[in-house]
Amino acid sequence: MNYLAKRLTVMDPDRCVGCQLCMFACNRRFGEGGLEKAALHVKSVGGFERGFTVVVCRACIDPPCARVCPTDALTPRPGGGVTLNASKCIGCKACVDACPIDAIFWDDAIGKPIICVYCGYCVNFCPHGVLALEEVGR
Amino acid sequence: MVDAYLRRVLYIDLTHKRYWVEDREDLFEKWLGGVGVAVQLLKEELPKDADPLGPDNVIVLAVGPLVGYYPLASKTVAVFKSPLTGNYGESHAGGRSAVALRMCGFGAIVIKGASDIPIYLAIHNGKVYFRDAGAYWGMRSTYTVGRIIRENEPGAGLRTIIRIGLAGENLVRYACATTETYRHFGRLGLGAVMGSKKLKAIVISGKRLLPVKDKKLYREIYQEIYDKAVKSPLMKKYHDYGTPVNVKVLNEIKALPTMNLKKSFFEYADYLSGEFLAENYLGRRVACTHCPVACVHIATWREPYEDEPFFYKTKFVSYDYEPIYALGTMLGIKDTVGFLRLLEAVEIYGLDAMSTGACLAWATEALERGIISEKDTIVKLSWGDWKSYIKAVEYIVNQPNEFYKALAMGVEYASTKYGGKDFALAFGGLEMPGYHTGPAAHIGYLLGSRHSHLDMAGYSLDQKTLGQELTPEETVDRLMKEETWRQILSSLVICFFARGIYSPEVVSKALKPLGYDLSEEDLKKLGEEIYKEKYRLKIREGFDPRKLRIPRRILETESAKGKLSEEYIQKAISYFVQKIGLAKQ
């Protein structure tokens, strides 16, 4: 079966200026301020002069986070990536450990993972062309 | 209306290595945040006539309600008693500092007392850890200190690392505190205050959700501010060339202080211009947290080792207009890489670039005139000779003789001791900023609450009124009006580059979804109150504009608005004295 799904992609991390507007945008999806609910992360490579690492969910075809989820709270999404059913999640953090690129973040306030939903809201607030939403399909 | 995190003030007592949190809704409700709140906290905590380098001095770091909500609310305000001027000290820095402090769960931090051993503070998600900094003390480079802390502390991407260099440890009165390697609490000696407290660094990190009253309105206003920020031509200018875009502009109108302001025009200014630097040395542009502009320009160049062929190191340093003025044109340096290397030395030691440049420029002229000798300066200082200046910077930090001990106290002190006051460019004890635009700039340096160019913006008034004559009274009125409004911007800790975006109308609107109901009129009134509070504190600490020294040099060298008259400046001072109600005393 062929699925078309959207995923977030980092076009060129060297264009990133480290402003983190994407992180604020992601958090703002819920209409609130701050950074707690950001599902992506920007940090310097080790000093601003060397640039930034932009960590986003790659929407894996066979997501390791879903494979290790003991309660099926995380399930593979058609076309890649995962969907979170927060009601099933017991907050064991196995998904956080399983993600090979550290793209699962943790919401300390509720004790659940923060999972990218590939909505692309952050892309609208990246002024320097670092992020894009792309279609993937097989 | 004040959210649950903003109103929390973290108090840290370095003497007893303890900390506590107080709910100061009272302060944030009345004074918004940032400078408004910081001045009140300083007033509460700083005993009258405290020794700026004694344990009685207090450091307050504060942010405001818009931080974490809106773009360009990206500054942290630091207030303290300045060891350079002996009066109120205020300095702002960006980087990740403001968002980190807010996300850590505080509106302000008050640091009191002094540690007996070198320490650094790690403040993560509301908790304070006192860490031994014995191994960092005496380290030559601030870069190294930053790198070590980066590797040893959590919170990558969400933290600020505010640190001092050897200059701060050795109590150079104009030592700065550096944050995120390339941003600074530059002016008035916060670095020396931290050094006197044996406080090598402050790491702050955290992550949280900030509540919004009206979510729909919040997202709308956010979009409006964002669109303005990314489309504004001013912001584009700062993104393209950064602040050095002003080098050519100021040079063309003859406002660029050159060789200790013997001239206001530098024939080689093109080699230090924003355009030239961007085309030839710009390696990367970076931003403060939550700022789409990315005005931070980092130059890069390759430097060979002399002992081995094909062995190179790649250097980085961030450049801005002010360091170009102070360490470039003021010292007559036309060699671009020479300038960058001098700036790098200043960064390594953690000095304020502006004060350092003005001190070295005075020393060069004093040597030229024979007021001091090469015995004093150890190296022969001469215009353009950046290699000697790099050595002199090291001497300012290590103070091997009486002369450099004096120069480390600032140019006011050194010229009092050695002579040459007429060409010692300091205002209220603070070395001059880089604008010889006209009378408003200098009146601003003399009378502004920080003696810097930043709040009264006289440089801007001069440039807007080129070819026009303003009366001294008009000038003072307009400067005071500007400084009054900027108190609101710096209480909300909005970057001054965004002042065109954050008009009173926009500020009032932006506060609304957060639950604040403040009209434009309310804000302006509050600005006036904060302004008055600052001067009350300054006057308490001995500030008297009637006693200010006007450096003769500014009257001798033609400015962009022609030769300046002392009488005009004196009239402005008298009028200001009346306006702030000092005349009655």
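Residues numbered from 1 in each chain as written. Chains lettered and ligands numbered in written order. Predicted model: local features only at pLDDT ≥ 70, side-chain atom pairs only at ≥ 80, totals over all residues.

## Describing the environment of threonine 179 of chain B
Logical step 1: Summarising the element assignment, threonine 179 of chain B is placed in strand 10 (residues 177-179).
Logical step 2: As a C-alpha pair, threonine 179 of chain B and leucine 277 of chain B span 98 residues in sequence and 23 Å in three-dimensional space. (Helix = DSSP H or I, 4+ residues; strand = E, 2+ residues; numbered from the N terminus.)

## Focus on unusual backbone geometry
Residues and elements named next belong to chain B.
Logical step 1: Here aspartate 49, not a glycine, exhibits a phi torsion of approximately 60°, which is positive.
Logical step 2: With respect to the helices, strands and loops of the structure, aspartate 49 is situated in the loop between helix 2 (34-45) and strand 3 (59-62).
Logical step 3: Despite not being glycine, leucine 72 has its phi angle at roughly 75°, a positive value.
Logical step 4: By the secondary structure assignment, leucine 72 is in the loop between strand 3 and strand 4 (76-81).

## So, the domain arrangement of chain B
Residue and element names in this part refer to chain B.
Logical step 1: According to the domain assignment, chain B consists of domain 1 (8-205), domain 2 (232-405) and domain 3 (431-579).
Logical step 2: The centre of domain 1, based on its C-alpha atoms, is set 26 Å off from the matching centre of domain 2.
Logical step 3: Contacts between the two partners involve 28 residues from domain 1 and, on the opposite side, 22 residues from domain 2.
Logical step 4: Every element with two or more residues in the side of domain 1 that touches domain 2 is listed here: helix 4 (142-152) and helix 5 (166-169).
Logical step 5: Considering every element that reaches the side of domain 1 that touches domain 2, the biggest residue donor is helix 5, with three residues. (Domains from an automatic or database assignment. Contact = placed C-beta atoms within 7 Å.)

## A word on the packing of helix 2 of chain B against helix 22 (residues 520-540) of chain B
Residue and element names in this part refer to chain B.
Logical step 1: In the contact formed by helix 2 and helix 22, the axes pass within 10 Å of each other and the chain directions differ by 30°. Looking at the two axes, helix 2 sits roughly parallel to helix 22. As helix 2 runs across helix 22, the sense of the crossing is left-handed. Between helix 2 and helix 22, the residues in contact are Val35, Gly36, Val39, Leu42 and Lys43 and Ile530, Glu533, Lys534 and Leu537, respectively. (Axes fitted to C-alpha atoms, helices over the stretch in contact; angles between N-to-C directions. Parallel < 35°, antiparallel > 145°, perpendicular 65-115°, else oblique. Left-handed = near helix turned anticlockwise from the far one by under 90°.)

## Re the confidence of the model for chain B
Logical step 1: When pLDDT is averaged along chain B, the result is 97, and 99% of the positions lie at 70 or above.
Logical step 2: Note on the complex model: pTM 0.97, ipTM 0.96. (pLDDT = per-residue confidence, 0-100.)

## Focus on the nonpolar core
It is characteristic of soluble globular proteins that their nonpolar side chains tend to be buried jointly.
Logical step 1: Of all hydrophobic cores here, the largest spans 249 residues; its most connected members are Cys22 of chain A together with Ala38, Val60 and Ala108 of chain B.
Logical step 2: Among the elements that make up this core, the one with the highest residue count is helix 13 (residues 353-368) of chain B (nine residues).
Logical step 3: Ignoring sequence-local partners within four residues, the contact set of alanine 38 of chain B consists of Val60, Ala62, Val77, Val79 and Ala108 of chain B. (Core = buried A, V, L, I, M, F, W, Y, C linked by C-beta atoms within 7 Å. Buried ≥ 20, exposed ≤ 12 C-beta atoms within 10 Å, placed from the backbone.)

## Thoughts on the environment of glycine 448 of chain B
Residue and element names in this part refer to chain B.
Logical step 1: Within the fold, glycine 448 resides in the loop between helix 18 (439-447) and helix 19 (458-464).
Logical step 2: Taking the C-alpha atoms as reference points, glycine 448 and tyrosine 535, separated by 87 residues in sequence, lie 9.5 Å from one another.
Logical step 3: Apart from residues lying up to four places away in sequence, glycine 448 is in contact with Asp455, Met456 and Glu483.

## Looking at the environment of glutamate 566 of chain B
All names here are of chain B.
Logical step 1: Relative to the helices and strands, glutamate 566 is located in helix 24 (residues 566-579).
Logical step 2: Judged by the 11 C-beta atoms lying within 10 Å of it, glutamate 566 is exposed.
Logical step 3: Between the C-alpha atoms of glutamate 566 and alanine 177, which are 389 residues apart in sequence, the distance is 35 Å.

## Some words on the pairing of strand 5 (residues 88-93) of chain B
Residue and element names in this part refer to chain B.
Logical step 1: Most of strand 5 sits out of view: six of its six residues are buried.
Logical step 2: When strand 4 meets strand 5, the two strands line up antiparallel, connected through six bridges. Looking at the pairing, threonine 76 lines up with alanine 93 of strand 5.
Logical step 3: Count of turn residues in the strand 4/strand 5 antiparallel hairpin: six residues, of which glycine 86 carries a positive phi of about 70°. (Pairing = 2+ DSSP bridges.)

## Digging into the interface of chain A and chain B
Size of an interface: often given as the accessible area lost when the parts come together.
Logical step 1: Tallying the contact residues gives 25 residues for chain A and 34 residues for chain B.
Logical step 2: Of the residues assigned to the side of chain A that touches chain B, the class counts are ten nonpolar, nine polar and six charged.
Logical step 3: Where strand 2 (residues 33-34) of chain A and strand 13 (residues 209-210) of chain B come together, two bridges link them in antiparallel fashion. The residue bridging glycine 34 of chain A from the neighbouring strand is leucine 209 of chain B, located in strand 13 of chain B. (Nonpolar A, V, L, I, M, F, W, Y, C, P; charged D, E, K, R; others polar.)

## Examining the pairing of strand 9 (residues 159-163) of chain B
All names here are of chain B.
Logical step 1: Among the five residues of strand 9, five are classified as buried, and the element is accordingly described as predominantly covered.
Logical step 2: Residues Arg159, Ile161 and Arg163 point to one face of strand 9 and Thr160 and Ile162 to the other, with burial holding for every one of them.
Logical step 3: Judged from the five bridges that link them, strand 9 and strand 12 (residues 199-205) form a sheet pairing that is antiparallel. Residue pairing across strands places arginine 163 opposite alanine 201, the latter belonging to strand 12.
Logical step 4: Note: strand 9 against strand 10, two bridges, orientation antiparallel. Across the sheet, isoleucine 162 pairs through a bridge with threonine 179, a residue of strand 10.

## Quick word on the sheet that holds strand 6 (residues 108-112) of chain B
To summarise the sheet geometry, strands pair through backbone hydrogen bonds and adopt either a parallel or an antiparallel arrangement.
All names here are of chain B.
Logical step 1: Read across the open sheet, the six strands follow the order 2-1-6-3-4-5; overall the sheet is mixed. Two strands in the sheet have a free side with no partner beyond their single neighbour: strand 2 (18-23) and strand 5. When strand polarity is set aside, the average angle formed by the axes of neighbouring strands in this sheet is 15°.
Logical step 2: The pairing of strand 1 (residues 8-13) with strand 2 spans six bridges and is antiparallel. Across the sheet, the residue bridging to valine 9 is glutamate 22, located in strand 2.

## A few points about helix 24 of chain B
Residue and element names in this part refer to chain B.
Logical step 1: The end-to-end C-alpha distance of helix 24 is 20 Å, a good match for the 20 Å that 14 residues give at a rise of 1.5 Å each.
Logical step 2: Among the residues of helix 24, those classed as buried are Ile569, Ala572, Ile573, Tyr575 and Phe576. Along the axis of helix 24, the buried residues cluster in a sector spanning 165°; they form a single face. Residues of helix 24 that are exposed and point more than 90 degrees away from the buried face comprise Glu566 and Glu567.
Logical step 3: Buried residues in helix 24 make contact with helix 18 and helix 20 (472-491).
Logical step 4: Positive backbone phi, approximately 80°, marks glycine 581, located one or two places after helix 24. (Expected span 1.5 Å × (residues − 1). Arc of directions from axis to C-beta.)

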